Amino acid sequence: MKRWILLFLTGLMTLSGITGFAGCKNQFVKESSFKRSGEVGEVEGGKRNISLVCWNVQTFFDAVTSGTEYKDFKNAERWTKEKYLQRLNKLCEVMTSLNPDIFVMEEIENAEVVQDIANALAGTSWERKKNWQYTCFAKESGSAIGCAVFSRYELCSLKCHSLDIQTQQESQPSSRPIMQLTVMAGNSELELFVNHWKSKSGGEEETEIWRDWQELVLAERVCESQEAGKPLVICGDFNRSAEDFILLNSGKKRANTALRGSLVTTELYSPWFRSDGKFATDTGSYYYAEDWERIDNIMVGGGASIISFSTVTEAPVADEEGIPAAYKIYTGEGCSDHLPLKCVITI
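Residues numbered from 1 in each chain as written. Predicted model: local features only at pLDDT ≥ 70, side-chain atom pairs only at ≥ 80, totals over all residues. Heavy atoms only, no water.

A. Representation of the overall build of the protein. A count of helical and extended segments in the protein gives three helices and 20 strands. Buried positions account for 55% of the 347 residues belonging to the protein. If you take every contact in the protein between residues at least 6 apart in sequence, the share linking residues at least 24 apart comes to 68%. (Helix = DSSP H or I, 4+ residues; strand = E, 2+ residues; numbered from the N terminus. Buried < 20%, exposed > 50% of the residue type's maximum accessible area, 1.4 Å probe, protein only. Contact = heavy atoms within 4.5 Å.)

B. How the structure looks around helix 2 (residues 111–122). Here helix 2 is twelve residues long and its end C-alpha atoms lie 17 Å apart, about the 16 Å a rise of 1.5 Å per residue gives. Among the residues making up helix 2, those that are buried are Ala111, Val113, Val114, Gln115, Ile117, Ala118, Leu121 and Ala122. The backbone nitrogen of Glu112 has a side-chain oxygen 3.1 Å away, supplied by the residue at the start of helix 2, namely Asn110. (Expected span 1.5 Å × (residues − 1). Polar contact = N/O pair within 3.5 Å; in protein donor to acceptor, adjacent residues only side chain to side chain.)

C. Seen up close, the pairing of strand 6 (residues 102–108). Across the seven residues of strand 6, seven count as buried, placing the element largely inside the fold. The pairing of strand 5 (residues 47–60) with strand 6 spans six bridges and is parallel. Counted as the bridge partner of Val53 is Phe103 from strand 6. Since strand 5 and strand 6 lie parallel, the crossover through helix 1 (residues 81–98) that links them has a hand, and here it is right-handed. As paired elements, strand 6 and strand 8 (residues 146–151) share six bridges and run antiparallel to each other. (Pairing = 2+ DSSP bridges. Right-handed = clockwise from strand over helix to strand, strands pointing away.)

D. Inspection of the environment of Ala63 at higher detail. Structurally, Ala63 can be placed in the loop between strand 5 and helix 1. Taking relative accessible area as the criterion, Ala63 reaches 34% and is therefore assigned partly exposed. For Ala63 and Phe73, which are ten residues apart along the polypeptide, the C-alpha to C-alpha distance reads 8.1 Å. Dropping the residues within four chain positions of it, Ala63 is found in contact with Trp79, Thr80, Lys81 and Tyr84.

E. Summary view of the packing of helix 1 against helix 2. Between helix 1 and helix 2, the shortest axis-to-axis distance is 10 Å and the interhelical angle comes to 60 degrees. Comparing their axes, helix 2 and helix 1 come out oblique. Once helix 1 is placed against helix 2, the crossing between them reads as right-handed. Mapping the contact onto sequence places Tyr84, Leu88, Leu91, Cys92, Met95 and Thr96 in helix 1 and Val113, Asp116, Ile117, Ala120 and Leu121 in helix 2. (Axes fitted to C-alpha atoms, helices over the stretch in contact; angles between N-to-C directions. Parallel < 35°, antiparallel > 145°, perpendicular 65-115°, else oblique. Left-handed = near helix turned anticlockwise from the far one by under 90°.)

F. The side chain of Asn239, seen in detail. In this fold, Asn239 is placed in the loop between strand 12 (232–237) and strand 13 (246–247). Here the side chain of Asn239 touches Trp197 through a polar contact of 2.8 Å, landing on its backbone oxygen. For Asn239, the contacting residues outside a window of four places in its chain are Arg176, His196, Trp197, Lys198, Ser199, Lys200, Arg211 and Ile295.

G. Local environment of the sheet that holds strand 15 (residues 265–268). Judged by pairing direction, the sheet is antiparallel, and its three strands sit side by side in the order 13-14-15 without closing on themselves. Among the strands making up the open sheet, the edge pair consists of strand 13 and strand 15. Of the strand pairs in this sheet, strand 13 and strand 14 (residues 257–260) are connected by two bridges, and their pairing is antiparallel. Residue Leu247 lies in a different strand from strand 14, and its bridge partner there is Thr257.

In structure tokens, the structure reads:
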């Protein structure tokens, strides 16, 4: 079984840092007792619009060496507290500039980085509705990076789903959790799934089996939420391009993408595609070998719909050609090798 580190924040103060166990069939659940954050998103005709940004922020480590960092971040000459604070402030500037109701991040090192972000954000405004009052974080104990969510809405019922596969011929690699949590948006509830699937490091074909297993776990959990009638959002860095999922025939059907589960195929909608099945944008979210990949994704189901979607291609997250401005530890320039995805969801 996997050991996880979970964190909840409210009012920009730490509530707890706790550990639990999570697996494909067993999930550690942390129930929140937070107060409601109030009316945040726009409400039209009984529907609520919620803005969301999802971004892989590229190996966002703090300045304290714990031993699990990537090699460059263990070198005191290359990675300093000053560089960390500069990078932290730049991230907070991007967050406040994009200003979504919910901000999802992949590749955050630990709970301390989450706390630093919260404290830096609080320094810009004490007006409650302008701050992200609620935050959660999860990662496998002993791993380098995890995922975080910042929200102006209350977050509750966090579950972490992970793999414990012993039927493959090779040992299971370390992986990030699939986070499942409920967003309390006024009188509505939104089920949010945050993903950072196994990378292609070690070979795309060789590692595909682990992404297939993660897809199966996600499909089963999404199916349960759909059967419960909940609107839902699935987002993150899947390390699998949008066109490499099962694509459904274009036409009048709202769903255009499917997740493969053990018993069911779960149909969802991805805004990467137009109604004719072609890409909705010329740019992807990740630029590799002079070609765009769409490995970051936002998908909706259960009655949720996306009314706007785009990649962020302006400075400082991109260069003049709209290509991600990857962070360079030597100079401190850039932000991330991924572009943020932004959208507005109606529930």
